[in-house]
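Structural features, examined
So you can see what is in the structure, the chains are spelled out below.
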Amino acid sequence: MSKYHVTTTINGEPVEYLCETQQTLLDVLRNELHLTGSKEGCASGDCGACTVILDGKMVCSCLVLGVETEGKTVTTVEGIAQGDKLHPVQQRFLEYAALQCGFCTPGFIVATKALLDENPNPTETEIRYWLAGNLCRCTGYDKIVRAVQAAAADIRGETVA
Amino acid sequence: MSTLNYAAPKTVDEAVKLLAGTAGLAKLLAGGTDLLVQMRSGRVKPDLIVDTKHIPGMISIRQEGGGFKIGAATPGVMLEAHATLKAAWPGIVEGLDLIGSEQIQGRCSLVGNLCNASPAADSVPALIAARATCTIVGPSGIRIAPVESIVVGPGRTSLAKGEFITEFQLPPRPAHASDAYLRFIPRTEMDIAVVGCAVNVVLDDKGVCKDARVVLGAVAPTQVVVDAVDKALIGRTLDDAALKALDAAARGVCNPISDKRGTIEYRVKVAGVLARRAAAIAFARAKGETPVTKH
Amino acid sequence: MNYFASDLKVVGTRPIRPDGVEKVTGRAAFGADYVMPGMLWGKVKRSPHAHAKIVKIDASKALALPGVKAVVTGADFPDIPAEEAFIGEGPVNFRDQAYNVIARGKALYEGHAVAAVAATTEAIADAAVALIDVTYEVLPFCIDVADAMKPDAPILHDDLFTAGVDPKPSKPSNISKRVAFKKGDIDAGFKDAEIIVEGRYTTQPVHQAYIEPHACVCAIGADGQVNIISSSQGQFMVRAYTAKLLGMNISNIRATPAEIGGGFGGKTIIYLEPLAVAMSKKSGRPVKMVMTREEVFRASGPTSGATIDVKLGAKKDGTIVAARAEMWYQAGAFPGSPVQPGVMCCFAMYDLPNVEAIGYDVVSNRPKVAAYRAPGAPISTYATESAMDDLARKLSMDPLSLREKNAAKNGTKTHYGPTLVNIGYLETLQAARATEHYRTKLGKHQGRGVASGFWFNIGGESSAAVHIAEDGTVVAVSGNPDIGGSRASIGMMVAEVLGVQPDLVRTIVADTASIGFTHVTGGSRVTFATGMAATQAAERVVEQLKSRAAQIWDIAVEAVEWKDGQAVPAGSNAGAFEPLSIAAIALKSGRTGGPISAEVSLNAQGAGPGFATHLCDVEVDTETGQVTILRYTAVQDVGKAIHPSYVEGQVQGGAVQGIGWALNEEYIYDKNGRMDNPGFLDYRCPVASDLPMVDAVLIEVPNPRHPFGAKGVGEVPIVPPMAAVANAIRDAIGIRLHSLPMSPPKVLDALEKGAG
């Protein structure tokens, strides 16, 4: 069978690609579109390193077929910053040293943005449960949670030292 | 080299025809959170994937006749965000909500969780406890069946070839009625239930139980209804004696296996514990109180 | 020169790391993110059996599949002699490594590579793997140490005779070696003891569980020149192993380190690169290989599970007079468990007169273990620090007081030989006692645990360079992959020496052809050893800058001082000159002797050991056995925190890996010797909602052997947590659990039986 032709919007840009049925959105992003910011840590929805926002909902791109994305809108980690201006989540991850190896970081950045878009004032518990699908093996999560809290304060317009 | 086809029918009829016309294995795609994992691991090798999400109504929540109609492929996030549904059936919403991560919630559905036919499926016990029904379409037309008739064993359903579920129906809620679902997992998130328990109750205005249904998951080849619940709960308030009777009743129906997620002995013990705890939450909710929960 | 006593402007601050923006925007390229033009995808055929003779491998069907370009088996690789070398975090045997990368004759564990295939697409490669027909003769297997040591156990290696025993055995065995360290007279010590505690403890293998699976892309040309881009803890390690295993000259291989998505010791060895290079040679095209998560679990190294017997004897005043431990570590399919460091570390926190510590390295049909953060120490220390808690209870002593009473101090001779100097163990105990955490009250079913840990930290061979750009900005070059912020710490030390802002220094990690030899990122050695090389390189650059200034001013170099990033006259006798900035000197470098740069290669000695003391509060659900971590404080002597945020991060991350090890992580095998939980669903690493914040308390007792006083920080934080959690559970429920993980069924079982 031939490949499917998919028309979609990725990080605000119209994108067309060809894919086979079994190719996941993650396969398409990484191998067809060379958007390698989304990572494959497990390919089973257990690590969150491939998190993207699909039509406003946070999903694991390893659990979405490329063909399903027809007509949809996708935001990946590459689309979080506005040009050279980092999103507050990215800035606070840097300032709070919320990354060590950096492999899980794209997934955390996208998941955190999705959280703060929905709830700019999450409790620590809400942050921890929201991010439970993003595994980080380096940090023990402490600095990630603090960075999320700081980014949330930024988004609420509060000054944080 | 791929021989796997994909179709996204726009109507039920179209989908039924596609399924009927496939010689090989056709798999229905709702949220894909089980199917894609199974395909990747090679456990399932379909010839056709039928994406059901473009069929009208498959992703929807409607209030009708005092009850609710939920499109089969509606993702967890939509149930969670539906305040009226959550107020009427908090146990059903929390059952689906406990599946996987927030990312999984963006995709996972009642139909996928049911038809994957895992004994540990988190959203199924509360549907059965609610006496929910589902609409099944197929080559021989439409039928409505109780949710508890669908799963017949691990990985096996009663659906005939070419049949699929389009909608779930939840009955109207009387006063002083509520439900709860609890599961036990080793971590706080991301695990498969070692034991799951849903409790659905209707109380009178004095807090005496008029009707109750308790359903366990992961303790038998399919979800099991705790049949002795009549004696344990009905006509009683949730006092210590009732809790003790419920604990024993829950343990009594367990027929689990030992596997990497839990032993027989452990599952049986925890089934009793969860039944008590879920009942406490359901009773509190039915009385209009805010139960204390961990999450 | 030592800087730690001087007024530091950069070291000790918290600048944004040089590689940070790339990593928060998705631009940082990890192993699997690289492609080479015309590349193929390689996949591995793995044994489904725990132990089997490979009778025949028939690849004809795979080779007939359109798109398949190469298949390799063990027969395609040279048979190399057994040779001990030190490459990773411990001694390695190249022959074992070769046989681990691809099986010869026998498959020794489920997941052992038996063949590999390269094809034009990943899907074709997957399909081809299924078409490779391997005929096995299935053999009896052993998974656990106890089974492997039985007289009738299936023997993995006919040529393996237990080393370290007298007389030399005449029959092969699965016990590869015995190690023993003794101090004083153990029997006399126990005779002298008034209180004795003892116990047997078991642990399960746990995986490093880095989130990035192993990945590489490799190409070999007709001239035999090899390019490798891969994710590892050491590009020089990749180069050496690949050369050895393929029988090549080392200099023919250029290994470029990709960003590495976590290693924790597990990427100090290789699995894929020799296969990819061999298939590149057969196909004439580059080959990319990426493991799946399942392959990572089944075929890459976890650390050992073990059984440990501990016995402690003390006087009634708490003075420990005798300490004995005997331990059996799983090595996996080839010798090389971290039992020796386990034996060495387990009592190193204490000043003990009489010690006997014995270890056995035991092979069985499991994946070959790989280093995991303080290799060996967490396992043995779980047992000895649990026993310390029992001893404190039996003595009715505060657990910190018992440790203070027996703490190793400067001048303490360890049971494994060396005498400790410049250590800060006592300081960690005192700081732990001073925390608010230690004073808070606990509720019902809650408990508090205390445990300490030791790790040697290492130095070794490292190279670093500092180059001054034409405009006076600075490039620092490190030979170590940066797993957790070493670009930041190295750049900061260089900036401090040069007297410039850290953002003027761009620190990069060089490939094997662009910097001198450097040992792996491991052993908590990078900031110490490579940091020392970078500091010395910066000092040499300062000397050059002074010399250039002297030329510009036409005065003697001795009359030039380096101050706040500028050359200034040393005094009024030197003459009156306006200070010269690095930029001003660089501008004229062409006329004063050419480019300004220095590379330093050294073998750093004198790494200061790491000591840590952790406090853990838990609550136990006595109906389900579930343990919740309520509060956690990790106190550690770090020498000097170069970038405190990343030091805290190491401490917090290590503690949380230890919490996972304590509560839920384990390899589960089915009755056929196959791993039953090879994924993140059932191999349960801690998730964010499982944990509270982790307070990291940094104690700074400087190491005078490092220019800034730094000690390694990454490893010791994983040593105390298992005992800290176990001791907290003991405190909460009154029952000592003797086996890891302390998962809910085990805790509930202990509650019902009244014993663990």
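Up top you'll find the structure we're talking about.
What you see is a predicted model; the values in this text were computed from it and never measured.

A word on the overall build of chain A
The helix and strand inventory of chain A stands at 5 helices and 5 strands. Helices (α) and strands (β) of chain A occur, in sequence order from the N terminus, as β-β-α-β-β-β-α-α-α-α. Scaling as 2.2 N^0.38, a compact globule of 161 residues should have a C-alpha radius of gyration of about 15 Å, and chain A matches this with 16 Å. Reported as C-alpha extents along the three principal axes, the dimensions of chain A are approximately 55 × 30 × 25 Å. For chain A, buried positions account for 65% of its 161 residues. Intrachain contacts of chain A at a sequence separation of at least 6 include 60% that bridge at least 24 residues.

Focus: the pairing of strand β1 (residues 4-10) of chain A
Residue and element names in this part refer to chain A. In the sheet, β1 pairs with strand β2 (residues 13-19) via 7 bridges, with the strands oriented antiparallel. Its bridge partner being in β2, Y4 is matched across the sheet by C19. If you look at the hairpin formed by β1 and β2, you'll find 2 residues sitting between the two strands, and N11 has a positive phi there, around 50 degrees. Summarising the sheet, β1 and strand β5 (residues 73-75) pair through 2 bridges and their orientation is parallel. Following the sheet pairing, T9 is matched in β5 by T73.

Quick look at the nonpolar core
With 416 residues, the main nonpolar core has B:C197, B:V199, B:A278, C:V117, C:V494, C:V725 and C:I729 as its most contacted residues. With sequence-adjacent residues up to four places away left out, C:V725 is seen in contact with C:G449, C:C616, C:V618, C:I659, C:A662, C:L663 and C:M742.

Considering the interface of chain C and chain B
Accessible area lost during the coming together of the parts is what is often quoted as the interface size. Every contact between the two is made by 18 residues of chain C and, on the other side, 18 residues of chain B. Secondary structure elements with two or more residues in the side of chain C that touches chain B: α4 (122-131) and α19 (744-753) of chain C. Take the side of chain C that touches chain B: its biggest share by element is 3 residues, from α19(C). Counted by class, the side of chain C that touches chain B contains 8 nonpolar, 5 polar and 5 charged residues.

Remarks on the interface of chain A and chain C
The interface is formed by 43 residues belonging to chain A together with 43 residues belonging to chain C. Of all elements in the fold, only α2 (88-95), α3 (105-118), α4 (124-130) and α5 (142-155) of chain A reach the threshold of two or more residues within the side of chain A that touches chain C. Broken down by element, the side of chain A that touches chain C gets its largest block of residues, 4 residues, from α2(A).

A short note on the packing of α2(A) against α3(A)
Residue and element names in this part refer to chain A. Contact geometry for α2 and α3: axes closest at 9 Å, N-to-C directions at 130 degrees. Considering the angle they form, α2 stands oblique to α3. The hand of the α2/α3 crossing is right-handed. Contacts from V89, Q90 and F93 in α2 reach T105, I109, T112, K113 and L116 in α3. In terms of residue class, the contact of α2 with α3 is built from 4 nonpolar, 3 polar and 1 charged.

Some points on helix α18 (residues 721-733) of chain C
One full turn of an α-helix is made of 3.6 residues, so residues set three or four places apart face in the same direction. All names here are of chain C. In this model, α18 (13 residues) spans 18 Å end to end at C-alpha, consistent with the 18 Å of a helix rising 1.5 Å per residue. Buried residues dominate α18, accounting for 13 of its 13 residues. Where α18 terminates, the next one or two residues include G734, which has phi positive at roughly 75 degrees.

With respect to the sheet that holds strand β20 (residues 446-455) of chain C
Residue and element names in this part refer to chain C. Ordered by their spatial adjacency, 4 strands build an open sheet running β20-β28-β29-β30, and the pairing between neighbours is mixed. Each of the sheet's edge strands pairs with one partner strand only, and the pair in question is β20 and β30 (694-699). Sheet twist, expressed as the mean angle between neighbouring strand axes with direction ignored, is 15 degrees. Here 6 bridges tie strand β29 (residues 627-637) to β30, and the two strands are oriented parallel to one another. Pairing of A634 across the sheet is with A696, part of β30.

What counts and what doesn't
Residues numbered from 1 in each chain as written. Chains lettered and ligands numbered in written order. Predicted model: local features only at pLDDT ≥ 70, side-chain atom pairs only at ≥ 80, totals over all residues. Helix = DSSP H or I, 4+ residues; strand = E, 2+ residues; numbered from the N terminus. Rg over C-alpha atoms; globule rule 2.2 N^0.38 Å. Buried ≥ 20, exposed ≤ 12 C-beta atoms within 10 Å, placed from the backbone. Contact = placed C-beta atoms within 7 Å. Pairing = 2+ DSSP bridges. Core = buried A, V, L, I, M, F, W, Y, C linked by C-beta atoms within 7 Å. Nonpolar A, V, L, I, M, F, W, Y, C, P; charged D, E, K, R; others polar. Axes fitted to C-alpha atoms, helices over the stretch in contact; angles between N-to-C directions. Parallel < 35°, antiparallel > 145°, perpendicular 65-115°, else oblique. Left-handed = near helix turned anticlockwise from the far one by under 90°. Expected span 1.5 Å × (residues − 1).

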